[in-house]
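Survey of secondary and tertiary structure
Spelled out from the first residue to the last, the chains are:
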Amino acid sequence: MNRAERRRQDKLGEKAIGSDRTRQALALLAEGASHHQAGRLQQAESIYRQALDLHPDHPEALHLLGLITYRVGQLEKAEALLCRAIRQDAKNPLYHFNLGVVLQKDGRTEEAAESYRKALSLNPNYVEAQNNLGNALRDVGQVQEAIDAYRRALALKPHYVEAHNNLGVAFKEHGDLDRSLASYEEALRLNPNHAEAHCNKGIACQEQGRIEEAMTAFQSALHVRPDYAKAHHGLGLAYQWQQRFDLAFAALRTSADLQHNRDRPTPIARVYRSRIKHDAEQIQYLFDRDLLAPEHAPYLAALKSLNHRLDQESDSAKQLSLDNQARVAIAPSFNRILHYGESRALAHGALNPELHVEEIEGRYLGRKPEIMFVDNLLREEALQSLARFCLESTIWKRDYENGYIGAFLGEGFCSPLILQIAEELRLRFPRIFRDHRLKQAWAFKYDSALTGLNIHADAAAVNVNFWITGDEANLNPGSGGLVVWDKEAPKQWNFKAYNDVRNRGKILEFLKDQNAKPVTIPYRENRAVIFNSDLFHETDRFRFKDEYESRRVNVTLLYGNRLHEA
């Protein structure tokens, strides 16, 4: 056999071997997909990896493995696998679509939008991509563009329930509650058991003051999906508005438990360093006071190990990527509410009885725009009870880049005392709060060495912000509070425009053009700043003692709805 013939035979042999490997890989992918669809993710992952051993660049194997890693919260790996799949088959719109899903989950919404657009360029009739593009555009504050995307999706598929529901959300963010409700009604006409549309309808009715209709909608959502935390949260607010405080507390606590105390641990891929530091301090604090059972000792050991590792590392990155060992060690406890501090309503009231109502209301209404502060807001008993609740309750599950951590009303920051304070404020100062009802509440804790909230405005009518950490913790009494600018956010700006940290430059440019002046209110324990929620504000620079009990803590209560302008 001559050399040319031998080369031809070798190529035929290689082709036969390649074809055989491809057939084996396809068989493995089919087997893995059956496990994948049944939720047996570990088995599916193992089989997909076997397929890649046979065919390292098989695009569908890369794609399916990427979906598995996405499901378990490993977003970086999922992105890398999907990008490899796209390099092998750049004309598959599904790959671009799922890359968009991963990017959106990772908070990279603009990149996600580009992936959805790429999927649509390959398949203009890809209705799910149009719908997800609308979601991404809404997330970055391009509400009108989102509405257009949803309408394109509905032009392709008029009975697409998800697009009708999402269109309703976009109309609500645009300030058009009538069209919002019409979209939810259409979604429910097409699918009467659509829990999210029922819940969204309830929220829209609530904003219009139609409380009974809102409650019916929330209850309908819970009839379909009893574990729907968002509907429990909405129902809790409705009960609060009706002054049925025990029911409000029960519904809001249920919302928190459903979000955090799941049967399965929440996957954790990355976490801010400041969160690890706080949780290690808090769990130690609870153990020192015999407030946690011994079964949580391994969790404390894992947190301390991670915290020690962070202290030893020179890496200045604010987020920490957790390896599998660390994830396994903290996952069962990290996102669970292990302990609630006690914080009961007070029979004799929570607010300081010596507050001068007419003088306070006069100061608020006499200044345009409305910015003022009140000292000694709470009775001492209420202040100490709320401070203990914040020290003891393991509710601090939202961590932020600047080093602060948060807890929200329907996510654990709820007690009978908190609901009492919120309602007493409204009733005690009727000329300030008028008919505005509690819309949201939260608290933030701050790391002593980092910064606070960036400049933003809130989607409400009246903002109450008060501080509960003792003054002895504040190392710079001349600052540490709040800076409020004396110009309102433009009425035509949507929530993302005036609340997203990425818009800081746009906000500062607006304030400069308006010749806005900052009003700085220094930090004081038990001081409340009450102001028009449309006003831009941010945390003032601060320096507190680097001790767990000395962390700066602020509480925010929002009342009423921001007025929109078409």
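Everything numeric in this text was worked out from a predicted model, so none of it was measured. (Residues numbered from 1 in each chain as written. Predicted model: local features only at pLDDT ≥ 70, side-chain atom pairs only at ≥ 80, totals over all residues. Heavy atoms only, no water.)

What follows covers the packing of aromatic side chains. One pass over the structure, following the stated rule, counts 17 aromatic pairs. In textbook terms, an aromatic cluster arises when at least three aromatic residues are bridged by ring pairs, as seen for Tyr400, Tyr404, Phe408, Trp442, Phe444, Tyr446, Trp467, Tyr523, Phe542 and Phe544. Stacked on the ring of Tyr228, the Lys or Arg Arg225 has its end atom at 3.9 Å from the ring centre. A cation sits over an aromatic face here: Arg398 above Phe408, 4.3 Å from the ring centre. (Phe/Tyr/Trp six-rings, centres within 6.5 Å; stacked < 30°, edge-to-face > 60°. Lys NZ or Arg CZ within 6 Å of the ring centre and 35° of its normal.)

Moving on, we get to empty space enclosed by the protein. Inspection of every chain in the model, using the stated rule, returns three cavities of 30 Å³ or more. What lines the largest cavity is a set of 15 residues, among which Leu453, Asn465, Leu482, His537 and Thr556 lie closest to the centre. When contributions to the lining of the largest cavity are tallied by element, the ones reaching two or more residues are β6 (438–446), β7 (462–467), β11 (535–539) and β12 (553–559). With three residues, β6 is the single largest residue contributor to the lining of the largest cavity. Partitioning the lining of the largest cavity into residue classes produces six nonpolar, seven polar and two charged. Estimated volume of the second largest cavity: approximately 70 Å³. In terms of lining residues, the second largest cavity is bounded by Asp279, Gln282, Ile283, Tyr299, Ser333, Phe334, Arg336, Leu338, Thr394, Trp396 and Lys397. Those elements that provide at least two residues to the lining of the second largest cavity are α15 (273–288) and α17 (324–334). Ranked by the residues each element gives to the lining of the second largest cavity, the list is headed by α15, at three residues. (1 Å grid on protein atoms, 1.4 Å probe; cavity = no way out; pocket = protein on both sides within 12 Å on 5 of 7 lines; lining within 4 Å. Points joined across faces, edges and corners; volume = space filled by probe spheres on them. Helix = DSSP H or I, 4+ residues; strand = E, 2+ residues; numbered from the N terminus. Nonpolar A, V, L, I, M, F, W, Y, C, P; charged D, E, K, R; others polar.)

Our next topic: the nonpolar core. Inside soluble globular proteins, nonpolar side chains tend to come together where they are buried. Ile421, Leu425, Phe466 and Leu557 are the most contacted members of the largest nonpolar core, which totals 72 residues. Every residue in contact with Leu425, bar those within four places of it in the chain, is listed here: Leu351, Leu377, Phe433, Val464, Leu557 and Tyr559. Membership of the second largest hydrophobic core comes to 49 residues, among which are Leu28, Ala44, Ala153 and Tyr160. (Core = buried A, V, L, I, M, F, W, Y, C linked by side-chain atoms within 4.5 Å. Buried < 20%, exposed > 50% of the residue type's maximum accessible area, 1.4 Å probe, protein only. Contact = heavy atoms within 4.5 Å.)

All right, on to the sheet that holds β11 then. Read from one edge to the other, the open sheet built from three strands follows the order β9-β8-β11, with strand pairing classed as antiparallel. The outermost strands of the open sheet, each flanked by one partner alone, are β9 (518–521) and β11. The sheet shows a mean angle of 20° between the axes of neighbouring strands, taken without regard to direction. The sheet contact formed by strand β8 (residues 482–488) and β11 spans four bridges and is antiparallel. When the sheet's bridge partners are listed, Val483 is paired in β11 with Glu538. Strands β8 and β11 of the sheet are contacted by helix α23 (residues 504–513), whose axis makes an angle of about 125° with β11. (Pairing = 2+ DSSP bridges. Axes fitted to C-alpha atoms, helices over the stretch in contact; angles between N-to-C directions.)

Attention now goes to the packing of α15 against helix α19 (residues 380–392). Direction vectors running N to C along α15 and α19 enclose 110°, while the axes themselves pass 9 Å from each other. In terms of orientation, α15 and α19 fall into the roughly perpendicular class. Taken together, the residues of α19 that come into contact with α15 (itself represented by Gln282, Tyr285 and Leu286) are Cys390, Leu391 and Glu392. Its residues placed into classes, the contact of α15 with α19 shows four nonpolar, one polar and one charged. (Parallel < 35°, antiparallel > 145°, perpendicular 65-115°, else oblique.)

Before going further, it helps to examine the sheet that holds β6. What the seven strands build is an open sheet, ordered β3-β10-β7-β12-β6-β5-β4; its pairing is antiparallel. The strands lining the two open edges of the sheet, one partner per strand, are β3 (371–374) and β4 (398–399). Of the pairings in the sheet, the one linking β7 to strand β10 (residues 528–532) comprises five bridges and is antiparallel in character. Residue pairing for β10: Asn463 is matched across the bridge by Phe531.

A few words on the pairing of β9. Only one face of β9 is covered, namely the face carrying Val519 and Ile521; the face carrying Pro518 and Thr520 is uncovered. By the bridge criterion, four bridges tie β8 to β9 in an arrangement that is antiparallel. Bridging across to β9, Leu482 finds its partner in Ile521.

Within the fold, Ala44 resides in helix α2 (residues 41–54). Ala44 sits in the buried class, given a relative accessible area of 0%. For the pair Ala44 and Asn554, spaced 510 residues apart in sequence, the C-alpha separation works out to 46 Å.

Here helix α8 (residues 143–156) is 14 residues long and its end C-alpha atoms lie 20 Å apart, about the 20 Å a rise of 1.5 Å per residue gives. Burial in α8 covers these residues: Val143, Ala146, Ile147, Ala149, Tyr150, Ala153 and Leu154. The buried side chains of α8 occupy one side of the element, clustering within an arc of 160° when seen end-on. Of the surrounding secondary structure, the elements contacted by the buried residues of α8 are α7 (127–139) and α9 (161–173). (Expected span 1.5 Å × (residues − 1). Arc of directions from axis to C-beta.)

Another point: the pattern of salt bridges. Evaluated as defined, the whole model comprises 25 salt bridges. Here Glu111 makes a salt bridge to Arg108, at a shortest N to O gap of 2.9 Å. With relative accessibility at 24%, the residue Arg108 sits in the partly exposed group. Between Asp540 and Arg541 there is a salt bridge whose closest N-O contact spans 3.6 Å. By relative accessible area, which is 60% here, Arg541 ends up exposed. Among the charged side chains, a network of salt bridges with common partners joins Lys277, Glu281, Asp447, Asp546 and Arg551. (Salt bridge = Lys/Arg side-chain N within 4 Å of Asp/Glu carboxyl O.)

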